[in-house]
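Close look at the chain arrangement
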Protein chains: 6
Amino acid sequence: MPERHEGVTRAFIKNQITGFGYEIVEDNEGGNPLLLPMSEMAGKMAVLLGSNFLQTSHGGKGVMLGSMTGIPPTEVTILGAGSVGNASAHVAIGLGCNVTILNRSISKLKKLESELGGRLDTLYLSSDNIINSIQKSDLVVNTIDQMGNKDTHLITRGMLKSMKKGSVIVDVANDENGTIETSRPTTHDDPIYTVDDIIHCAIPNIPGIAPQTATMALTEATLPYILKIANQGFKEAVLNDTGLRKGLCFFEGNLLHKKAAENYGLDYTTFSELFK
Amino acid sequence: MPERHEGVTRAFIKNQITGFGYEIVEDNEGGNPLLLPMSEMAGKMAVLLGSNFLQTSHGGKGVMLGSMTGIPPTEVTILGAGSVGNASAHVAIGLGCNVTILNRSISKLKKLESELGGRLDTLYLSSDNIINSIQKSDLVVNTIDQMGNKDTHLITRGMLKSMKKGSVIVDVANDENGTIETSRPTTHDDPIYTVDDIIHCAIPNIPGIAPQTATMALTEATLPYILKIANQGFKEAVLNDTGLRKGLCFFEGNLLHKKAAENYGLDYTTFSELFK
Amino acid sequence: MPERHEGVTRAFIKNQITGFGYEIVEDNEGGNPLLLPMSEMAGKMAVLLGSNFLQTSHGGKGVMLGSMTGIPPTEVTILGAGSVGNASAHVAIGLGCNVTILNRSISKLKKLESELGGRLDTLYLSSDNIINSIQKSDLVVNTIDQMGNKDTHLITRGMLKSMKKGSVIVDVANDENGTIETSRPTTHDDPIYTVDDIIHCAIPNIPGIAPQTATMALTEATLPYILKIANQGFKEAVLNDTGLRKGLCFFEGNLLHKKAAENYGLDYTTFSELFK
Amino acid sequence: MPERHEGVTRAFIKNQITGFGYEIVEDNEGGNPLLLPMSEMAGKMAVLLGSNFLQTSHGGKGVMLGSMTGIPPTEVTILGAGSVGNASAHVAIGLGCNVTILNRSISKLKKLESELGGRLDTLYLSSDNIINSIQKSDLVVNTIDQMGNKDTHLITRGMLKSMKKGSVIVDVANDENGTIETSRPTTHDDPIYTVDDIIHCAIPNIPGIAPQTATMALTEATLPYILKIANQGFKEAVLNDTGLRKGLCFFEGNLLHKKAAENYGLDYTTFSELFK
Amino acid sequence: MPERHEGVTRAFIKNQITGFGYEIVEDNEGGNPLLLPMSEMAGKMAVLLGSNFLQTSHGGKGVMLGSMTGIPPTEVTILGAGSVGNASAHVAIGLGCNVTILNRSISKLKKLESELGGRLDTLYLSSDNIINSIQKSDLVVNTIDQMGNKDTHLITRGMLKSMKKGSVIVDVANDENGTIETSRPTTHDDPIYTVDDIIHCAIPNIPGIAPQTATMALTEATLPYILKIANQGFKEAVLNDTGLRKGLCFFEGNLLHKKAAENYGLDYTTFSELFK
Amino acid sequence: MPERHEGVTRAFIKNQITGFGYEIVEDNEGGNPLLLPMSEMAGKMAVLLGSNFLQTSHGGKGVMLGSMTGIPPTEVTILGAGSVGNASAHVAIGLGCNVTILNRSISKLKKLESELGGRLDTLYLSSDNIINSIQKSDLVVNTIDQMGNKDTHLITRGMLKSMKKGSVIVDVANDENGTIETSRPTTHDDPIYTVDDIIHCAIPNIPGIAPQTATMALTEATLPYILKIANQGFKEAVLNDTGLRKGLCFFEGNLLHKKAAENYGLDYTTFSELFK
């Protein structure tokens, strides 16, 4: 994300780097194939992390995430039904939790319902529905990034008071002071902090603790592009694959990322200027 | 149930009737094969009846039992996890409801969980759990008969106030003033009444409105016994099949049902006195 | 549907109303998001209604819709595999029925098979397949609207004779004398009539008996558009959202619906004339 | 089965053989653990064999057992819901067939329904139900052995005429002129014959064509008994394990199988006479 | 496929035939609706054929394809996750096998995982993954056609040595000396041959042994096009349906298939030249 | 377990304690209802613990337990299919792992297969099968207690060398130097140690880190017994409930546990001596 990292951007230009933004490359359906594997891993591991922080050995209140016959099940709320939220839902249901997932797109919720055989509750992402869902939850997983919009927290500090003491929020989106007013980045070494008796975890790069899996999954996604560039040559590859071309941020010292250029007052070059 | 029907009992004796109590006959596993089909039908139809009474066309509050993507699901509480409750659970889950079932036997709950792939919530049948469950429910199905114990209502009149207005209780057990303090029998013609804004339905013979299905299911269950009596003769049949023998209440004017004899001050005859 | 309601259309123009046709608004995938919730509710409730009319308490032949171990299952035929038919299929299978669904699009049938794990029979919508399927069915749900084509009934009066006496047809499409030759509208108060021993039900607005659920589901679908208009202003909203624009039938007394204009001899205005 | 093989029985006695009847050994639940693996294999392979004989390459009518979207599914009838029938049902459903299974025990049918998630039709084993089921079937698998009762064929020759031409009967029970009037043993080399246009297959030892799987499965079942005898010694083993003892047919030339002794006029010795 | 059959192509032109290539006609989603049914049948039947060739009665090593409690399950590898591979996966899982499917498109694999509830292993189609998967497999189904690329066999002759003796390869793609180096066409009469102890089967037209099913499935797919041509006339039909038009290879003696024209040095006519 | 704790046993006698052994109390089916909840929790949490130790943040090799499309799935081996192993299997499958479970009872394996819809591999518990299974596994969960039999380790130190470096063994049975030769108790504070590159975890009381869940689950199981004793009085309760009576180890200073008496040279009193 060159638009967020000025130093790196300037260094890339100075050193005449050619580089792609993994998270911008698109496939034919408009998805982001190089982003997807890490999204899925983060979503799955968020639930496993949450299960840890509910145990006393990690400072939690002593709840086993999952279900036991005859006692009230653990409840999980997931904000967002994209690839991260979808992955979280699969794991939470696999563990036997009651899962509520909230999203503004009914069609995404419907698709997820169909995949999971109706085993989860879906809710339109409204403030009322969020409040009702989080106050009964043991674990809240946030996957929504408000993209810098700090005005409309989906979970305000005030709402924390209605939640059960010792419940856990895992903020996969790492949207500091965004979706969750009280969210701020943590680290793998010091993963959690507590606000108003609610445990918060907002590790930026969750898949980093499973590097073997992450490497295999990411390699598998990038390999087809590497083969394409190797086989066709760089120019042909980016000319033939419009999705790959979208990810081209730097070419031999030229900056092709408009927003980054604007943000840092740098020169912006279009693709067609370079590859006529 | 001869112990509840003095007139019929005396008439049977006077007319030297030989008769079995369907609900007492046992199979090899201690189950009641002649009771089972009607129990299952009652359990399934209770949920369908409940769905009616939630619709405005039947005077309800206008809720569709089931689920719609993005809105809170309908909730169903089932008291008891015997054959009736089990059948209710299958249908309610089939309709897409969130189902909570309460029972005192954890192993029965576990069996049901396994059958339904973990798609329902199970709770130990305690007062706290009942209160928590019914207050969020749209439909409560009671399948527990307190057997004349009128002291310990599982749902008292006071609890109705915590329930959602316009929600429905279907009392399949027809346990008047028993499990549910406010329950009293209704009829197919006049199936419901309302107490404290809660709709009650306690039709005694629910399968009666699906006589074709009921007849086929009951016939199928009784046929093996009829064939046994036809092929072996009456005496051999009851001597060879101890489960069938348990159901024998009257034999040529003799009363073999101890509790009925005690209740009405009648002579009691043991099986072995008759069939030496 | 302005093209079917001349009086309302003229009144809208006279009073300079700005109005959208809910059933014409499109989402990005070409679906009708404002039509969908009511379609799904109608499809689900059609099966519940059908279950009623099979019971003797509603004048039916006394069959419980669903299954009982050891007796032949109840059979349901669904004409059409769009959102209504899909919803009917889910509920009918949830109740334990054997379901056959007919459609001309094999890919729609395939999608439904995948969603339901192969638990239903799918058939190409041909006359032979219809005849074979309805003659073994207890319940037929029609979801196909022939759109005024009265020549080619999919179920003719003659075919009724091959059906089982006392079986039920619920015509969700309300296609009078269309898909089903013998279909004519009924009402919630007087929901059924009988032709050749087959019970017919063709209530036009089925979700109307569950207004609470219907309101929540419809509000959830319309809210994003209302927010869009409120936030962006009317003009921007319809300019930016081509799907919303498609639904604009009236704008300050101008008629933008071509077919309605033709039907009633009214002036027709194009969108681009109004919003240059 | 010593009672069916006089020559072998006499030879065992003469040679002072000690031998168990695999099919008589019982486990704690009264099951036959040494019979079970072959029963299951036979049940599974019967459906695979049936799929062959429906193909033209094996002389059949050219039907693919399974399902194709949009065309009527293939139908399979299974007589008997013991371990063989249960195994056949799993495979036939796995292939996508519509399966009807008939049995006299409702509780066995119920158990199977629960295992298979309601994906099959269950019917009480009556003559009417058999006739209705086989006439729509492409494949009939018989698993019921009438045990020499030749009077009451479940499928008579007359019934074949109502079946579809070219459909297949696989008689796993190999009950010659028993359950199926027209059944007689066939061989792996010459597996089928045709009566009234219905293909019959009644290979006695179906698992014989998958000896590797059969050996592993059978070894696994017998190993615990072999270890028991090896570790405890023969006498202790049969004294301690009443189920194993039931299978003891020959002990050092003594015949412990009552029915065989009666059938062939041989001396019968009780277990307690030998192991006092 | 005119580009592979010169004689037929010339004969069509000479006789002024108008003809469509079934496998080229496209539907709105870019799929090949006339190719799909045979693809699915071939995929399903490939697994059934494979099960045969694992039995000793067909010369195999004596393994039952499927699973038996307590012994290692049979393993199936499927190369390709298109409609053929997808169909093979459904049947192999239905039989109880452990299935690994390999493809280069992660999104196709993900879709299949979702359909099958996570019951199969998916692998990126790389040489390492192929080697690891086939060496533990009992059955390998190939569905990938390298389209004449003979240089890069996915399974080389050398790899056969790492496979289990007596395991079976069914090459549905019939890609002689292509995907599988050792593959060459076989026939229904002589369906298999053995290379390095691995049984090969590469029958070109697998659905041909189930002609009844094949005819029904294919007819159902072609019928809508036939009706369209019948109702609209030939010219209108091909003008209105761009997918149908793509399949038009011959029109009254003109050749509209570019590659065939190039291959055989024939005149090529464009659609627009003919239908102005 | 009084037979393992001499000090506690003597103290109980000295202080005239009346006490039950939770793990010995039996229900009607011979199960141990007071042991069951903790067994299930331990089994479920063992898999969650294992997932931690595979992450680098806990010193593991960096693998995410579960599955990612297109890369080889993680493999889990579970030794033992009792309530602990069963619970582990459910969670591991819920996470998307490939699971192999080994047991000597085929009927237990069959029951589990049926519960999990055939989604796991079952193997007879033999040395060969153990070796084959653990060498491909990322996580091994042991639930088998050899009960002091130190001669026959199921996993010897030598076998560790064939396992993948960095894989994890969680020994729920805490069978030091028993089932797993290299197993020795660890603690929640210091949960793991490494032998030959294999991470070992053998925390004795796993549910202790989820005390809230554990307390609810255990209370629910004990409550019926407490109510029974409270309502009936102590003597009546133990006389009426033979399963409860089996758990009575101490009564007012008398020791009713035979093995403990033998182990420590203490007086043994029978139940009937105390409650005549």
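Before reading further, recall that the structure is shown in the block above.
Predicted model only: the values in this text are computed from it and were never measured. (Residues numbered from 1 in each chain as written. Chains lettered and ligands numbered in written order. Predicted model: local features only at pLDDT ≥ 70, side-chain atom pairs only at ≥ 80, totals over all residues. Heavy atoms only, no water.)

1. A closer look at a positive patch on the surface
The condition that has to hold: Residues enter patches when their relative accessible area tops 30% and they take part in no salt bridge; the joining distance is 9 Å for like charges and 5 Å for the nonpolar side chains Val, Leu, Ile, Met, Phe, Trp and Tyr. Only the protein chains shown count as cover for residues, and all accessible areas are computed by the Shrake-Rupley method using a 1.4 Å probe. For salt bridges, the criterion is a side-chain nitrogen of Lys or Arg within 4 Å of an Asp or Glu carboxyl oxygen. The charged-residue count follows a simple rule in which Lys and Arg add positive charge and Asp and Glu add negative charge, with His and chain termini not counted at all. Note that the charge is assigned to NZ on lysines, CZ on arginines, CG on aspartates and CD on glutamates. Secondary structure elements are taken from DSSP: a helix is a run of H or I of four residues or more, a strand is a run of E of two residues or more, and numbering for both begins at the N terminus.
Taken together, the side chains of A:R119, B:R119, C:R119, D:R119, E:R119 and F:R119 present a region of like positive charge at the surface. Within the secondary structure layout, B:R119 lies in the loop between helix 4 (106-115) and strand 4 (121-124).

2. Topic: the interface of chain C and chain A
To keep things clear, this is the line we draw: Whether two residues are in contact is decided by their heavy atoms, any of which lying within 4.5 Å being enough. Note on definitions: buried area is the accessible-area loss of two parts on being combined, 1.4 Å probe, summed for both. Polar contacts, as used here, are pairs of N or O atoms within 3.5 Å; protein pairs need one atom able to donate a hydrogen and one able to accept it. Residues neighboring in sequence count only if both atoms are side-chain atoms.
In this complex, chain C contributes six residues to the contact, which on the side of chain A involves four residues. Across the chain C to chain A interface the summed buried area is about 510 Å²; carbon plus sulfur atoms make up 55%. When the buried surface of chain C facing chain A is broken down by residue, C:E40, C:E115 and C:E220 rank first, second and third, together holding 60% of it. Where chain C packs against chain A, one counts one salt bridge. Close ionic contact of A:K110 with C:E40 constitutes a salt bridge, the shortest N to O distance being 2.7 Å. The interface formed by chain C and chain A contains one residue pair in polar contact (both at pLDDT 80 or more).

3. Comments concerning the relation of the copies chain C and chain A
Let me state the cut-off plainly: Superposition of the copies used a least-squares fit over C-alpha atoms from residues whose pLDDT is at least 70 in both.
With an RMSD of 0.1 Å, the operation that places chain C on chain A is a rotation of 120 degrees combined with a shift of 0.1 Å along the axis. On this basis, the relationship between the two copies can be described by a three-fold rotation axis. Within chain C, C:E115 has its C-alpha nearest the rotation axis, a separation of 4.2 Å.

4. Some points on a nonpolar patch on the surface
Residues and elements named next belong to chain A. Here is the rule we go by: Relative accessible area decides the class of each residue, using a 1.4 Å probe on protein chains only: under 20% of the type maximum gives buried, over 50% gives exposed, and in between gives partly exposed.
Together, V8, F12 and I17 line one region of the surface with nonpolar side chains, adding up to about 220 Å² of accessible area. In this fold, V8 is placed in helix 1 (residues 6-14). What makes V8 partly exposed here is its relative accessible area of 46%.

5. Concerning the packing of aromatic side chains
Under the convention used in this document: Between rings of Phe, Tyr and Trp, where Trp is taken as its six-membered ring, a pair exists when centres lie within 6.5 Å; planes separated by under 30 degrees are stacked, by over 60 edge-to-face, and by other angles tilted. Criterion for a charge above a ring: Lys NZ or Arg CZ within 6 Å of the ring centre, and within 35 degrees of the ring normal.
All chains considered together, the criterion is met by 34 aromatic pairs over all chains. Each ring, one from C:F20 and one from C:F234, has its centre 5.8 Å from the other, and the planes form 45 degrees; the classification is tilted. Highlighted residues: C:F20 in strand 1 (residues 19-20) and C:F234 in helix 8 (residues 234-240), separated in sequence by 214 residues. For the pair D:F251 and D:F275, a centre-to-centre distance of 4.8 Å together with 55 degrees between the ring planes defines the contact as tilted. Remark: D:F275 occurs in the segment after helix 11 (271-274) and D:F251 occurs in strand 9 (residues 248-251); sequence separation between them is 24 residues. When sorted by exposure, D:F251 lands in the same class as D:F275, which is buried. One aromatic cluster is present, built from ring pairs that chain together A:F20, A:F234, A:F251, A:F271 and A:F275. Positioned above the aromatic ring of B:Y193, the side-chain terminus of B:R184 is 3.8 Å from the ring centre.

6. Let's talk about the sheet that holds strand 5 (residues 139-142) of chain F
All names here are of chain F. This is how it is decided: For two strands to be treated as a pair, DSSP must find no fewer than two bridges joining them. As a rule, the C-alpha atoms of each element are fitted with a line to give its axis, helices using only the stretch in contact, and angles between N-to-C directions run from 0 to 180 degrees.
The sheet built from seven strands is open, its strands ordered 4-3-2-5-6-8-7 with mixed pairing. Strands with a single pairing partner mark the edges of an open sheet, and in this sheet they are strand 4 (121-124) and strand 7 (192-195). The average angle at which neighbouring strand axes cross in this sheet is 20 degrees, direction not considered. Both strand 6 (residues 168-171) and strand 8 (residues 198-201) contribute to a ladder of three bridges, which runs parallel. Bridge pairing in strand 8 places V168 opposite I199.

7. Observations concerning the interface of chain F and chain A
One widely used convention gives an interface's size as the accessible area the parts lose upon coming together. What counts, and what does not: Each residue gets one label: Ala, Val, Leu, Ile, Met, Phe, Trp, Tyr, Cys and Pro are nonpolar, Asp, Glu, Lys and Arg are charged, and the others, such as Gly, are polar.
The partner chain A presents 36 residues to the 36 residues of chain F that form the contact. Here chain F and chain A share an interface that buries about 3,000 Å² over both sides, 61% of which is from carbon and sulfur atoms. Linking chain F with chain A are zero salt bridges, by the criterion used here. Here chain F and chain A share 13 residue pairs in polar contact (both at pLDDT 80 or more) between them. No other element matches helix 2 (residues 36-53) of chain F, which puts eight residues into the side of chain F that touches chain A. For the side of chain F that touches chain A, the residue count by class is 17 nonpolar, 15 polar and four charged.

8. Here's the deal with helix 4 (residues 106-115) of chain E
Working note: α-helix, 3.6 residues per turn, so residues spaced by three or four point in the same direction. Applicable threshold: Along the arc lie the directions from the helix axis toward the C-beta atoms.
Within the span of helix 4 of chain E, buried status applies to E:I106, E:L109, E:L112 and E:E113. The buried side chains of helix 4 of chain E occupy one side of the element, clustering within an arc of 125 degrees when seen end-on. Of the surrounding secondary structure, the elements contacted by the buried residues of helix 4 of chain E are helix 7 (211-232) of chain A together with helix 3 (83-94), strand 3 (98-103) and strand 4 (121-124) of chain E. Just beyond helix 4 of chain E, the residue with positive phi is E:G117, at close to 60 degrees.

9. What about the relation of the copies chain F and chain A?
Mapping chain F onto chain A leaves a residual RMSD of 0.1 Å; the transformation is a rotation of 180 degrees accompanied by 0.0 Å of translation along its axis. The operation mapping one copy onto its partner corresponds to a two-fold rotation axis. Every residue of chain F has its C-alpha some distance from the rotation axis, and the shortest such distance is that of F:G94, at 1.8 Å.

10. Digging into the sheet that holds strand 10 (residues 254-255) of chain B
Residues and elements named next belong to chain B. One open sheet holds the three strands; their spatial order is 1-9-10, and the pairing between them is antiparallel. Both outer strands of the open sheet, strand 1 (19-20) and strand 10, are each paired with one neighbouring strand and no more. As paired elements, strand 9 (residues 248-251) and strand 10 share two bridges and run antiparallel to each other. For F251, the partnering residue across the bridge sits in strand 10 and is N254.

11. Examining the environment of F:L123
Residue and element names in this part refer to chain F. Structurally, the position occupied by L123 is in strand 4. What makes L123 buried here is its relative accessible area of 8%. Put simply, L123 and N103 are 20 residues apart on the chain and 6.7 Å apart in space, counted from C-alpha to C-alpha.

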